[in-house]
Amino acid sequence: MSNANQLTGTVGSSEIKLQPIEPLQILSPQGEVLNQEDMPSLTDEQLKELMRRMVFTRTWDQRAVNFARQGRLGFYAPVSGQEASMLGSHFALDQQDFILPGYRDIPQLYFHGYPLYQAFLWSRGHQHGGEIPENVQALIPQIIIGAQYVQASGVGMGIKQKGEKRVAVTYTGDGGSSQGDFYEALNFAGVFQLPVIFIVQNNRYAISTPVEIQTKAQTIAQKGLAAGIRSVQVDGMDALAVYRAVSDARERALNGEGPTLIETLCYRMGAHSMSGDDPTRYRGEEQAAWEAKEPLVRFRKFLENKGLWSEQDEKKTVEEAQQVVAEALKKAETYKKMTIEGLIDSMFEVTPPHLEEQKKEYVKEGK
């Protein structure tokens, strides 16, 4: 390999050169359009709605971090810095497309129809949080790293077998690209040309492990080439670039042209999760450079230059988000806490004798 984007290899004594993978970018950090030909066909109202969702999500994330610190949530993975990657990608989907999320991908689920109070119940370990409404085409957030990729290929196979006009979309982080499930899923989808969009949100760290020692591949996107999959790298802090990449991938999938692997280059501003992670212990000076590319600031400048966003719009969205989040948590807190006894009872029509014995012990212990 000769440089960061030119991919080369050898066959026998001959060198072969593969197509370079260049990151797609539409907006500069100053919110200026770099190439008008790359601009997606979105109306002014659609642009404003995308911004609204990003501001809504940032506000919700800030509130959720505080809730977690207060002990009112269980597991929570912050999303600030990844709004363009998450919401830009989801904005390119149809409500009938099937989402297979990782544990950080709650915003996409919410805007796909998953109730926010159930997301809070899921965080608190409550069973009702995992009961996806029938009209929501999604699975619950996957905790096992990368496992959703294999599931996505399975869903994609089902979609293809039924001849349905929709796609399966799945997400993982840069750490997930090191899992065996990741490679198996790509290979299966490539062989059968499945309508699947694989998105890797490369936020630079798998908890505290930097991407530089997570993989020696120059890009995560190029990992799809061996599986015969179209591979794209995109500026994940640029909502319009992410939207364009996913929209193009979806169109290809619907046309029977197979799967796409998309690497979004983004940055997690906060901790990996609220379970004791301290990012100041492993981050260097790169944070300032990434903050200069901040997705909300970039998109806000773009809209302001077009006269589509104002301080009043921002304030209204923040207030709406605060109210929705507060009401959702309040509703989640009305649910009776789960017990081990209740969990066991719900797993079997007839509880096995050994679990009945365990239930008695848990009841004695007040669990």
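Since the structure is predicted, the reported quantities are computational estimates derived from the model, not experimental observations. (Residues numbered from 1 in each chain as written. Predicted model: local features only at pLDDT ≥ 70, side-chain atom pairs only at ≥ 80, totals over all residues. Heavy atoms only, no water.)

Digging into the overall build of the protein
Logical step 1: Each helix and strand in the protein was counted, giving 13 helices and nine strands.
Logical step 2: The globule rule puts the C-alpha radius of gyration for 367 residues at 21 Å, and the 22 Å found for the protein is close to it.
Logical step 3: Overall, the C-alpha framework of the protein stretches about 70 × 55 × 45 Å when taken along its three principal axes.
Logical step 4: Across the 367 residues in the protein, those meeting the buried criterion constitute 51%.
Logical step 5: When contacts within the protein are restricted to residue pairs at least 6 apart in sequence, long-range pairs at least 24 apart make up 72% of them.
Logical step 6: Distance between charge centroids for the protein: 3 Å, based on 39 positive and 47 negative side chains. (Helix = DSSP H or I, 4+ residues; strand = E, 2+ residues; numbered from the N terminus. Rg over C-alpha atoms; globule rule 2.2 N^0.38 Å. Buried < 20%, exposed > 50% of the residue type's maximum accessible area, 1.4 Å probe, protein only. Contact = heavy atoms within 4.5 Å. Lys, Arg positive; Asp, Glu negative; His and termini not counted. Charge placed at Lys NZ, Arg CZ, Asp CG, Glu CD.)

Looking at the pairing of strand β8 (residues 230-235)
Logical step 1: The buried count for β8 comes to five of six residues, which makes it a mostly enclosed element.
Logical step 2: One ladder, built from six bridges, connects β8 with strand β9 (residues 260-265); its direction is parallel. Looking across to β9, one finds that valine 234 is bridged to threonine 264.
Logical step 3: Viewed along the sheet, the connection from β8 through helix α8 (residues 239-254) into β9 turns out right-handed. (Pairing = 2+ DSSP bridges. Right-handed = clockwise from strand over helix to strand, strands pointing away.)

Considerations on the domain arrangement of the protein
Logical step 1: The assigned domain composition of the protein is domain 1 (36-274 + 283-336) and domain 2 (337-366).
Logical step 2: Taking the mean C-alpha position of each, domain 1 and domain 2 sit 36 Å from one another.
Logical step 3: Counting the surface lost from both domain 1 and domain 2, the interface buries some 400 Å², and carbon and sulfur atoms represent 54% of this.
Logical step 4: Our count for the contact surface shared by domain 1 and domain 2 stands at zero salt bridges.
Logical step 5: At the boundary of domain 1 and domain 2, one finds two residue pairs in polar contact (both at pLDDT 80 or more). (Domains from an automatic or database assignment. Buried area = accessible area lost by both parts, 1.4 Å probe. Salt bridge = Lys/Arg side-chain N within 4 Å of Asp/Glu carboxyl O. Polar contact = N/O pair within 3.5 Å; in protein donor to acceptor, adjacent residues only side chain to side chain.)

Details of the packing of helix α12 (residues 340-347) against helix α13 (residues 353-364)
In a packed pair of helices, the relevant descriptors are the angle between the two axes and the axis-to-axis distance.
Logical step 1: Direction vectors running N to C along α12 and α13 enclose 160 degrees, while the axes themselves pass 9 Å from each other. As summarised for this structure, α12 and α13 are arranged roughly antiparallel, according to the angle between their axes. Where α12 crosses over α13, the two elements pack in a sense that is left-handed. Contact residues: α12 offers Ile340, Glu341, Ile344 and Asp345, while α13 offers Leu355, Lys359, Tyr362 and Val363.
Logical step 2: For the contact of α12 with α13, the per-class residue count stands at five nonpolar, no polar and three charged. (Axes fitted to C-alpha atoms, helices over the stretch in contact; angles between N-to-C directions. Parallel < 35°, antiparallel > 145°, perpendicular 65-115°, else oblique. Left-handed = near helix turned anticlockwise from the far one by under 90°. Nonpolar A, V, L, I, M, F, W, Y, C, P; charged D, E, K, R; others polar.)

Side note on the packing of aromatic side chains
Logical step 1: For the structure on display, the rule yields 16 aromatic pairs.
Logical step 2: For the ring pair phenylalanine 91 and tyrosine 243, a centre distance of 6.2 Å and an interplane angle of 55 degrees mean the geometry is tilted. One end of the pair, phenylalanine 91, is in helix α2 (residues 83-91); the other, tyrosine 243, is in helix α8, with 152 residues separating them in the sequence. Taken individually, phenylalanine 91 and tyrosine 243 each receive the classification buried, so the pair is uniform in this respect.
Logical step 3: Ring geometry for phenylalanine 299 versus phenylalanine 302: centroids 5.9 Å apart, planes at 15 degrees, classification stacked. Taken together, the residues phenylalanine 299 and phenylalanine 302, both in helix α10 (residues 295-305) and three residues apart, mark about one turn of the helix.
Logical step 4: With relative accessibility at 4%, the residue phenylalanine 302 sits in the buried group.
Logical step 5: Taken together through their ring pairs, the aromatic side chains of Phe56, Trp60, Tyr110 and Phe111 make up a single cluster.
Logical step 6: Across the ring face of tryptophan 290, the terminal group of lysine 293 is positioned such that the distance to the ring centre comes to 4.5 Å.
Logical step 7: For lysine 331, the ring lying beneath its charged end belongs to tyrosine 117, and the centroid distance is 4.0 Å. (Phe/Tyr/Trp six-rings, centres within 6.5 Å; stacked < 30°, edge-to-face > 60°. Lys NZ or Arg CZ within 6 Å of the ring centre and 35° of its normal.)

Some remarks on the nonpolar core
Logical step 1: Counting 67 residues, the largest nonpolar core has Trp60, Phe120, Leu240, Ile262 and Phe299 as its most contacted members.
Logical step 2: Every residue in contact with phenylalanine 299, bar those within four places of it in the chain, is listed here: Leu27, Leu47, Leu50, Met51, Met54 and Leu240. (Core = buried A, V, L, I, M, F, W, Y, C linked by side-chain atoms within 4.5 Å.)

Some thoughts on a nonpolar patch on the surface
Logical step 1: Judged by side-chain polarity, Met338, Leu343, Met347 and Phe348 come together as a nonpolar surface patch covering roughly 370 Å² of accessible area.
Logical step 2: If you trace the backbone, phenylalanine 348 turns up in the loop between α12 and α13. (Patch = residues over 30% accessible without salt bridge, like charges linked within 9 Å, V, L, I, M, F, W, Y side chains within 5 Å. Areas by Shrake-Rupley, 256 points an atom, 1.4 Å probe, with all protein chains shown as cover.)

What about the UniProt feature "domain: Dehydrogenase E1 component" (unreviewed entry) in the protein?
Logical step 1: Taking the UniProt record as the reference, the feature "domain: Dehydrogenase E1 component" (unreviewed entry) is found at residues 51-340.
Logical step 2: When the span residues 51-340 is considered, its composition is 45% helix and 11% strand, and the gap between its end C-alpha atoms is 42 Å. (UniProt positions renumbered as here; feature names shortened; annotations may be inferred.)

Considerations on the sheet that holds strand β4 (residues 168-173)
Sheet strands line up and pair through hydrogen bonds in the backbone, either parallel or antiparallel.
Logical step 1: In spatial order, the strands read β3-β4-β5-β9-β8; together these five strands make up an open sheet with parallel pairing. What marks the edges here is a single partner per strand, and that holds for β3 (98-100) and β8. Between one strand axis and the next, the sheet turns by 20 degrees as a mean value, whatever way the strands run.
Logical step 2: Docked against the sheet, helix α5 (residues 147-162) engages β3, β4, β5 (196-202) and β9, running at close to 170 degrees with respect to β4.
Logical step 3: Sheet strands in contact with α8 are β5, β8 and β9, and its direction is about 160 degrees off that of β8.

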